[in-house]
Structure formats: structure tokens, C-alpha cells
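Descriptive analysis of the structure
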Amino acid sequence: MAGRINDDDVKAVRDAVPIDSVVSEYLQLRNAGGGNLKGLCPFHDEKSPSFQVSPGKGLFHCFGCQEGGDTIAFVMKIDHLSFSETVERLAAKAGITLRYEEGGYNPSHQRGERIRLIEAHQAAAEFYVRALESPEAEIGRKFLAERGFDQDAAAHFRVGYSPAGWDHLTRYLRGKGFSDKELITSGLSQDGRRGPIDRFRGRLMWPISDTAGEIVGFGARKLRDDDNGPKYLNTPETPIYKKSQVLYGIDLAKKDIAKASRAVVVEGYTDVMACHLAGVTTAIATCGTAFGNDHIKILRRLLMDNGSARVIFTFDGDSAGQKAALRAFEDDQKFAAETYIAIAPDGMDPCDLRLAKGDDSVRDLVEPRTPLFEFALRQIVGRYDLETPAGRAAALDEAAAVVAKIKTSSVQREVAVQLAGFVGILDQEFVVHRVAQLARWARDKGGDTAERGGRRGGAPGMRGGAPQQTAPAPGFSGPALNLRSPAHRTERELLKLALQKPALVSPAFDAYGVDEFTAPPYAAVRQCIAEAGGAEQGLADNREYLVAVMDAAPDNTVRSLVTELAVEVFIGKTIDETYAGMQLVQVRLRAVDRRINDVQGSLARLGSHVAPQDLAAAQNEVWVLQQYAQSLRAHGAAAL
């Protein structure tokens, strides 16, 4: 069994791979101020960005779902990897060779399952690309050429060919050290009468990558009439390939989607190729399944729903394409982006259109023209005879139910007015009233409870900008955090300073006891800082210091609070020694006042029963504390 990865190598990996570059592979990040970046959280649904990344500290934290940590923690969470698998993947990205404490270098057959399956797909892709150059693959090259794709285009999209024999790829991957179990699990091979055989045979092959650019599956197009399989055959569901969670071309398109706040959804692999070659580099496609909720999540994180975002669907003009458009409209409200539909003349797809009319026609096709809601409603209304009262009533009933699903009341009303025009009903207010009535019925049945009850992101415990009382976090004992409490608010600021700007509070902070923090969650963070060697440790290497503090956390709840405090912006506008001194003084002063009250309270309870020497000692302690408090009020941080 492979040994533990050397600690110095883990540190080297953390330092070598910037967290913002890793996170940017999965979502769009924008400036959040204070050196931080923000985006839509990939771990839960939200409408406004509460996910923050601090490149300088190497940390991320979501103020909505409380997930947080460093680069390693992010990759572990988003790709469901173990710690060692994650370090190995990041090390490969950074070109770092890892050492293992118990016996040299990690043999490849001992790596985690996901890494092994990714490596198998990468090897298969290289095999297929080489096979496209073989004499047997002439039929595949001809197929591409007939659709306007030359050798350079095939190379850019890594299109390949699977030989027609039974086990060419299987034998090749066995020779690379992959086991039969790994080949079956990967979906590259399948069980045959005498052992594993190739799943894909005699087909053109398109590699399907995830958002991070790692190949997780293949799409295979049949070329020969004697192939009895489906026209397109995709990788089956595997530990790394879920067809509802992948978009073909996303690895090539993601940067331009984020930059342009625009995505073009097409139907096939060749359509993606045609669009990109025509200059529409934001094109992506689903992989053998309808465009659905998981695909929306991927795009939303890249588009970030900034109000100017556009999603253009290019469905075929046939009945299947119309059904696809209606399905897309059902999910339309999950976008904050504006959605449009583009249908080429004569029902051509982008690949055919490029071949027939050139690149300009493809670019012109995807210019937003027809809103998706308008197309969807016209498709519904078009099924009825609008020349008759009964036909208009039936069309209104079906279409109004669709419009009622629009959650924003102003948009709902606007679309209802347009629906009246589509149906030919002059009384617009009647249609508006009908739609609103259907929407109310749906809400009364509870259909909208998730939307009304869900949180919209932002910092925890904050509603409309005002701090609220929050429930105590699991694993803490004591009263709930109350950010209206000046004591809790100041303790939070001081901990943020100790984590983010330790130079401003060291060495004074390290003399503060855990009991000076009245909120149990904050006391737990103070204890973590102490176990990590104190805030003074952050003067030399802030990143390693933060890692040490997180490692000292007793559970994920405390660890999450550490990352939250390490990236949260400060309340004050100017964060300097004066500001830091104010927080230090306020926390200490309140601790001193509490101690004075405790001693005086004890004396009052004991009354005449207190021994003379104990009374004198207590009175002396109170006098000393009162003098200290007076000095703190008069001289500030200089009296600490």
C-alpha cells in the first residue's frame, strides 16, 4: 500500500497551484473587493454570489452553505476525491513529483479510482486520435471532410476513430497497466464471451471533457450501414461520467462564456465544431440527453447571472426540436439570463448551415432575436384554431398555465399581455388576471414554497443588511451568536484581524485567553489559533499559518468558521493599527469589566460570610482591575 504523502510536498502543491486558477475552472469569478473574488457557489443553488475566494490566503468560503477551505479542500469537495487523489492531481498539474513516507514513489496501480479512470480515458483519446490516421479510418476522415472539417479541425477537437476489431483498445490499455476491472468500470470496455471487448468499434470518436478539461467519456458516431447500433453511442453512466452533468465543448468554451456572458446551446458534436470554427466559441451541447437542471447549474456558474447574460438555444425546426424548446422553457426561470431561440432557415442545424452558406451565416444565426418564452407560447397557441372562441379559450388555458410559472410578477404581467396578442384576445387585463389566478393557485398548493423559503445568499446571519441572531452552530455549547451584540461583533473583527492581518494585532493578541471571547464559536477559533502557535506565526507565512489553524480545528463546523473569518471583509473602512487597537482594547475592556462584575457579584452573594483575608484580596483585585480599565479607556492600545 502506498505511504503517506510527504508534508513538504503537500505544502509545495498548495503553494504552487493558485486557488483562483483552480476555482475558475468551474465557475466565473469577479472582483469582490479587499483582494477577494466572488462567484455563484458550486455546492448549493443561489441567485446572488455568496462564494468568496481569497487568492492571497489560498482559501475559499461560501457564506450561504458554509463550505470552505483551501485549494485541496475545494477539489476534494467538487470532484469527490480523497485527500491523496486530490494532491496527486494538483501535483501533476504543477509538475511536482510526490514523495511518500513509507516506500518511495506511489505506484500508478495504487492511485485513486477517479485518477485511474481519467488516465484511462486520456490514453484512449490518444489511441483514437492516432487511429484516425489509419487506412481503415478513411471512412471517418471522409465523413468529417464532407461536413467541412479538415485535419486541423479534427486535431483541435481531438476527434478520433475506434478500430472495427473486437478488442484493439482493450489490449492497448491492458498493455498500459490498466486492469480489466478498471476498463469495465470506465465504460471503455464491456464484458464479452471471452473477457472484455471494446465498447466502441468502427466509429468516429469525440472526447467529452468536464469543466476542468479532464476527459470523462466519449461520444461515438456510427459510420457503416452494417453497424446495428444507434446513430450515436455515448459512454454509459460511470463513477466519472454522468450525462446530465456534462456539456460537450465546455472545456473549450468556458472562458469565452464567462467573458462574453453568453452561451450558445446546440444539439450535436458537429454543431459545436461548426460554431467554434465559425467564430462562435461559446457553443456547447448536451451529450445524448435533454438540456436540464444540472446543465443550467454549470452555465449559471459561468454566466454568473449578471443581468446582461444571454443563452441562445439552436434547436432544429422539426417537431423534436420544438419539444426540446418547450422543455428548455420549463427550466427557463432557473436562469437569471435572458434566453432566446435560434432556428436556421429550412431547419438546418449549424453544421449544415455552415456547409451550405458559410461562417457568416452561423454567426448571424445565433444573434438573439426570438425570446424563448415567445417561441414556446407560439408553439402552444399554434396547435389550436384561433378563429373560434373555443379554440382561443383552450389555447389560453394551456399557455396561461405556462406563463403563471414565471416567478417575477412584473415579467409575468408583461408576458401575459403579449400572450393576449398571440391568442387574439383584446381584453389584456382578463388574460393578466387569469395568469395571476393560476399563479396564486400554484402557490397555495405549495409549488412555490422552496423559492419563498430559500435563502438568497449573502453573509450568514444577515438579512437586508441588518445583523440578525443566528442559531448556535453544531458542536458549540453556549448562547447563539448575536451580531447585534457589540461584544460578539468586536470579537469577530478581532479574530478576522488575527487571521487576515496578524501583523496588526501581534504580539498582543497571543496574550488573550480563550475566556476573553464570550461567543463559544469564537472561543473555539481562538483556541485553534493558540494551538497553531499563535497569530505571530502568520507574520512569516500567512498561508501556512492559516492551514495550521484549520488543521487545529476539532471538526468541520469550527473549520468552516475559520475559513469564513479568513475571507470575510472587515466592518471598518480603514484597516490599520488604530483600527486593530480599537478591537483589541474593546475585547480586553469587556473581559476586565466582566471580571469586576463577577468578583463584586460574588462578594455581594457571600455578604458577611466572607473571610477577612478573602475580602481584602477580592477588593484589591477589583481595585487593580478598575485601574486597568481606566488606563485602557484613557490610553487605548498603549495600555495593553
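Check the entry above for the structure.
First, a word on scope: everything that follows refers to the structure included in this document. (Residues numbered from 1 in each chain as written. Predicted model: local features only at pLDDT ≥ 70, side-chain atom pairs only at ≥ 80, totals over all residues. Heavy atoms only, no water.)

Across its full length, the chain carries 27 helices and 18 strands. A fraction of 66% describes how many contacts in the chain between residues 6 or more apart in sequence connect residues 24 or more apart. (Helix = DSSP H or I, 4+ residues; strand = E, 2+ residues; numbered from the N terminus. Contact = heavy atoms within 4.5 Å.)

We now examine the pairing of strand 4 (residues 59–62). Going residue by residue along strand 4, you find L59 and H61 tucked away on one face and F60 and C62 tucked away on the opposite face as well. Bridge count for strand 3 (residues 51–54) against strand 4 is four bridges, and the pairing is antiparallel. Looking across to strand 4, one finds that V53 is bridged to F60. Following strand 3, the chain reverses through four residues before pairing antiparallel with strand 4; G58 in that reversal takes a positive phi of roughly 70°. Pairing between strand 4 and strand 5 (residues 68–70): three bridges, direction antiparallel. Note that in strand 5 the partner of F60 across the bridge is G69. Hairpin connection of strand 4 to strand 5: five residues between the antiparallel strands, including Q66 at a positive phi of 75°. (Buried < 20%, exposed > 50% of the residue type's maximum accessible area, 1.4 Å probe, protein only. Pairing = 2+ DSSP bridges.)

On to the packing of aromatic side chains. How two aromatic rings sit relative to each other is set out by the distance from centre to centre and by the angle between their planes. A complete count under the given rule lists 16 aromatic pairs for this structure. When the ring of F60 is compared with that of F74, the centres are 5.5 Å apart and the planes differ by 80°; the resulting orientation is edge-to-face. Of this pair, F60 sits in strand 4 while F74 is found in helix 3 (residues 71–79), placing the two residues 14 residues apart along the sequence. Each member of the pair F60 and F74 is classed as buried. (Phe/Tyr/Trp six-rings, centres within 6.5 Å; stacked < 30°, edge-to-face > 60°.)

Next up on the list: the nonpolar core. Formed by 44 residues in total, the largest nonpolar core has its most connected members in L144, V159, L204, W206 and Y248. Ranked by residue count, the leading element in this core is helix 11 (residues 269–277), at five residues. F509, Y512, A553 and Y579 belong to the second largest nonpolar core, which has 37 residues in total. (Core = buried A, V, L, I, M, F, W, Y, C linked by side-chain atoms within 4.5 Å.)

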